[in-house]
Amino acid sequence: LDVPMRRDGGEFKKRLDRHVDEDERRLREFRRRYRDEGVPISISMKSGHPAWGIVDAAAELSPDLVVVGSRGLSRLERLLLGSVAARVARLVRTPVLVVRSQGDPPDGFHRVLVATDFSAPAIRALDLSHTVASRKALIDLVNFWRIPGTESWEDEPGEPLEAALLTAGVIS
């Protein structure tokens, strides 16, 4: 692999410094904006893979909620790169809110879908759902059932279901 910046350590360091400086500037700007609104915010920069860094930060900081953005990778990108949000949701022990890039209503969500299997995490999800909902929101609570004694959902082949969801535009 021939990466010109690596041959010239000085140029690579300059680019890296510019990148780090810009990221630090953006962090400070977010901190200023939220502090001006009365929201205390701490900032930090860490090197490493985002998913593992978020998992480590959650273990270190013990937050009540972890919020991550999702760029909505294509199936191929997810396969090749993996999804930071999916890894974090699997590995972090606290609730995780995954936010997509579509605009959110400024006064909260007006309709919230909460899936439940009546487990403790599902009940916690319902408890948390109204904190992001607007005052007049409708919360749709949905349970998916299956005939007792049949295979679990995890044991079923995922491709036909995923293909149908893709075709219907439910997932991307």
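In what follows, the structure referred to is the one given above.
Starting afresh in each chain, residues are numbered from 1 along the sequence in its written order. The predicted nature of this model means local features are confined to residues of pLDDT at least 70 and side-chain atom pairs, given and counted, to a pLDDT of 80 or more, with totals for whole chains, interfaces and linings taken over all residues. Derived side-chain values reflect all non-hydrogen atoms in the structure, with water molecules and hydrogen atoms excluded from consideration.

Okay, the overall build of the chain next. Looking only at helices and strands, one finds 7 helices and 4 strands in the chain. For the chain, the α and β elements follow one another from N to C terminus as α-α-α-β-α-α-β-β-α-β-α. Residues counted as buried form 12% of the 172 residues belonging to the chain. Throughout, a residue-residue contact means that at least one pair of heavy atoms, one from each residue, lies within 4.5 Å. Taking the contacts inside the chain whose residues are at least 6 apart along the sequence as the reference set, 62% of them involve residues at least 24 apart. Split by element, the accessible area of the chain, about 14000 Å² in all, is 57% carbon and sulfur. In DSSP terms, a helix is any run of H or I states spanning at least four residues, a strand is any run of E spanning at least two, and both are numbered starting from the N terminus. For every residue, the accessible area (1.4 Å probe, protein chains only) is compared with the maximum for its type, and the residue is labelled buried under 20%, exposed over 50%, or partly exposed between those bounds. Only the protein chains shown count as covering a residue, and every accessible area follows the Shrake-Rupley method with a 1.4 Å probe.

Turning our attention to helix H3 (residues 50-61). Because each turn of an α-helix spans 3.6 residues, side chains separated by three or four positions end up pointing in the same direction. Take the number of residues in a helix, subtract one, and multiply by 1.5 Å to get its expected span. With 12 residues, H3 should reach 16 Å at 1.5 Å per residue; the first-to-last C-alpha distance of 16 Å fits that figure. For H3, every residue scored as buried is listed here: Ala51, Val55, Ala57 and Ala58. The buried residues of H3 all sit within an arc of 165° when viewed along its axis, so they share a single face. H3 presents Asp56, Glu60 and Leu61 as exposed residues on the side facing more than 90 degrees away from its buried surface. Two residues or fewer past H3, Ser62 is found with a positive phi of approximately 50°. Directions pointing from the helix axis toward each C-beta atom define the arc.

Each pair of strands is called paired provided DSSP finds at least two bridges between the two strands. Pairing geometry for strand E3 (residues 109-116) and strand E4 (residues 133-143), over 7 bridges, is parallel. What sits directly across from Val114, in E4, is Leu141. For the handedness criterion, the strands are oriented away from the viewer, and a crossover whose path from the first strand over the helix to the second runs clockwise is classed as right-handed. Handedness of the β-α-β unit built from E3, helix H6 (residues 120-132) and E4 comes out right-handed.

Another aspect to go through is the pattern of salt bridges. Side chains that carry opposite charge are capable of pairing whenever their charged atoms lie near each other. The salt bridge criterion pairs a side-chain nitrogen of Lys or Arg with a carboxyl oxygen of Asp or Glu, the two atoms within 4 Å. Counted under the stated rule, the structure contains 6 salt bridges. Arg25 is paired through a salt bridge with Glu22; the nearest N and O atoms lie 2.7 Å apart. Within this pair, Arg25 and its partner Glu22 are both found in helix H2 (residues 9-36), separated by 3 residues, close to a single helical turn. Measuring nitrogen to oxygen at the nearest pair gives 2.7 Å for the salt bridge that ties Arg32 to Asp36. Pair noted here: Arg32 and Asp36 are both in helix H2, with a separation of 4 residues, about one helical turn. Overall, Asp36 belongs to the exposed group, its relative accessible area being 56%. Here the salt bridges share partners, and the residues they tie into one network are Glu11, Arg15 and Arg18.

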